[in-house]
Amino acid sequence: MLNIQQCLIPAYLLFLLVTSISSLDCDSLYFYLRNVSLDGMILLRKMSKGEFPLQCLKTRMDFEFSQELLPPNQSLTDVKIAIYEMSQQIFNIFSQNYLPLTWEEENVQKIQIKLDHQSEYLQRCLEEDEKEKEVLEKEDEDEISYSGLTVLQLNNLELRKYFKRIGSFLKEKEYSHCAWEIVRLEMRRCFYTLQKLISQLK
């Protein structure tokens, strides 16, 4: 297995990424996020040359992902928060102790970099959204955000439980090759879900 420490992003590269993020306007957020999710799906496919190992067919796991984990009829800011939370959780999965030696280290690094870059960009745009909300009258702001915030917090809690089940599955299977292949497919599903969320930002 490949020790994840070998895949950590070099500090100087992160510095360059953060510098480039600061030059991006939040009006371009949709296009950037869309490209990251598409690239993520492509990279995950490349990891095992697009094929699911036949010896892993007996390994099955339902992580109980539900569309109810996503924010229903929420504001664009809430959608951004959901995308941010899911991006962070996917990043955490690929920061587990060990990855299969059959996976190309470069592809893992690219996914980590893109997710880190995406989270930084989202965080800055969410901060801008918060500043815009401050111009609203406090009473109206409280009335609008209370119920939506409650729903969003519950959704994020369930989303974290979902990813915790994935992490527990890997640990239980001792980070075996087949376990990672199952998780790889699940992460492709997550990137597909990210695409659906991102489409709401058009």
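Each chain has its residues counted from 1, following the order in which its sequence is written. With the structure being a predicted model, the display of local features is reserved for residues of pLDDT at least 70 and the display and counting of side-chain atom pairs for 80 or more, all residues being used for whole-chain, interface and lining totals. Here the side-chain values reflect all heavy atoms present in the structure, with hydrogen atoms and water set aside.

Caption draft 1: Seen up close, helix 2 (residues 29-47). Secondary structure follows DSSP: runs of H or I at least 4 residues long count as helices, runs of E at least 2 residues long count as strands, and numbering of each begins at the N terminus. Multiplying one less than the number of residues by 1.5 Å gives the expected span of a helix. Between its terminal C-alpha atoms helix 2 stretches 27 Å, which fits the 27 Å expected from 19 residues at 1.5 Å a residue. Think of it in three bands: with a 1.4 Å probe and only protein chains considered, a residue is buried below 20% of the maximum accessible area for its type, exposed above 50%, and partly exposed in between. Within helix 2 the residues assigned to the buried category are Leu29, Tyr30, Tyr32, Leu33, Val36, Ser37, Gly40, Met41, Leu43, Leu44 and Met47. By definition, residues are in contact when any of their heavy atoms lie within 4.5 Å. The elements touched by buried residues of helix 2 are helix 3 (76-93), helix 4 (105-133) and helix 6 (177-198).

Caption draft 2: View of unusual backbone geometry. Non-glycine residue Glu174 carries a positive phi angle of around 55°. The backbone phi angle of Tyr175 is positive, close to 55°, even though this residue is not glycine.

Caption draft 3: Representation of the side chain of Glu85. For Glu85, the location among the structural elements is in helix 3. Among residues more than four places away in sequence, those in contact with Glu85 are Asn156, Leu159 and Arg160.

Caption draft 4: Inspection of the packing of aromatic side chains at higher detail. Side-chain rings of Phe, Tyr and Trp (the six-membered ring for Trp) are treated as a pair once their centres are within 6.5 Å; stacked means planes under 30 degrees apart, edge-to-face means over 60, and tilted covers the remaining angles. Tallied over the full model, the rule gives seven aromatic pairs. For the ring pair Phe63 and Phe169, a centre distance of 5.3 Å and an interplane angle of 80° mean the geometry is edge-to-face. Of this pair, Phe63 sits in the loop between helix 2 and helix 3 while Phe169 sits in helix 5 (residues 138-172), placing them 106 residues apart in sequence. Summarising the burial analysis for this pair, Phe63 and Phe169 share the class buried. With a centroid separation of 4.9 Å and 75° between ring planes, the pair formed by Tyr162 and Phe163 is classed as edge-to-face. The two residues Tyr162 and Phe163 agree in class, both being buried.

Caption draft 5: Broad picture of the packing of helix 2 against helix 4. Note on definitions: angles span 0 to 180 degrees between N-to-C directions of axes, and those axes are lines fitted to C-alpha atoms, for helices only across the stretch in contact. Interaxial distance between helix 2 and helix 4 falls to 10 Å at its minimum, and their mutual angle equals 160°. The angle between the axes of helix 2 and helix 4 places the two elements in the roughly antiparallel class. For the pair helix 2 and helix 4, the sense of crossing is left-handed. Across from Leu29, Tyr32, Leu33, Val36, Asp39, Gly40, Leu43, Leu44, Lys46 and Met47 in helix 2, the residues of helix 4 making contact are Asn107, Val108, Lys110, Ile111, Lys114, His117, Gln118, Tyr121, Leu122 and Cys125. An angle below 35 degrees is treated as roughly parallel, one above 145 as roughly antiparallel, one from 65 to 115 as roughly perpendicular, and anything else as oblique. The hand of a helix crossing depends on one turn: near helix anticlockwise from the far one by less than a right angle means left-handed, and clockwise means right-handed.

Caption draft 6: Molecular detail of the pattern of salt bridges. Each salt bridge in this description consists of a side-chain nitrogen of Lys or Arg and a carboxyl oxygen of Asp or Glu lying within 4 Å of one another. Considering all chains together, one arrives at eight salt bridges under this definition. We note a salt bridge from Lys161 to Glu158, for which the minimum N-O separation is 3.6 Å. Highlighted residues: Lys161 and Glu158, both in helix 5, separated by three residues, approximately one helical turn. Residue Arg184 is joined to Glu181 by a salt bridge in which the shortest nitrogen-to-oxygen separation is 2.9 Å. Taken together, the positions of Arg184 and Glu181, both in helix 6 and three residues apart, correspond to about one turn of that helix.

Caption draft 7: Spatial organisation of the confidence of the model for the protein chain. Of all residues in the protein chain, 73% have pLDDT values of 70 or greater, and the mean over the chain is 79. Confidence over residues 4-9 falls short of pLDDT 50; this stretch has 19 contacts with residues more than four positions distant or in other chains. A score between 0 and 100, pLDDT records how confident the predictor is in each residue. When the criterion is pLDDT under 50, residues 143-148 qualifies, and its contacts beyond four places in sequence or with other chains add up to three contacts.

Caption draft 8: Highlighting the environment of Ala82. For Ala82, the position within the fold is in helix 3. Taking the C-alpha atoms as reference, Ala82 lies 7.1 Å from Asn156; in sequence the two are 74 residues apart.

Caption draft 9: Summary view of the state of the cysteines. Two cysteine sulfur atoms make up a disulfide if the distance between them is within 2.5 Å. Here the structure, examined in full by the defined rule, presents two disulfides. Shown here is the disulfide that connects Cys26 with Cys125, its sulfur atoms set 2.2 Å apart. Looking along the S-S bond of the Cys26-Cys125 disulfide, the torsion reads about -105°, which is the left-handed sense. Note that Cys26 is positioned in the loop between helix 1 (11-21) and helix 2 and Cys125 in helix 4, a separation of 99 residues in sequence. Of the two residues examined, Cys26 and Cys125, each falls in the buried class.

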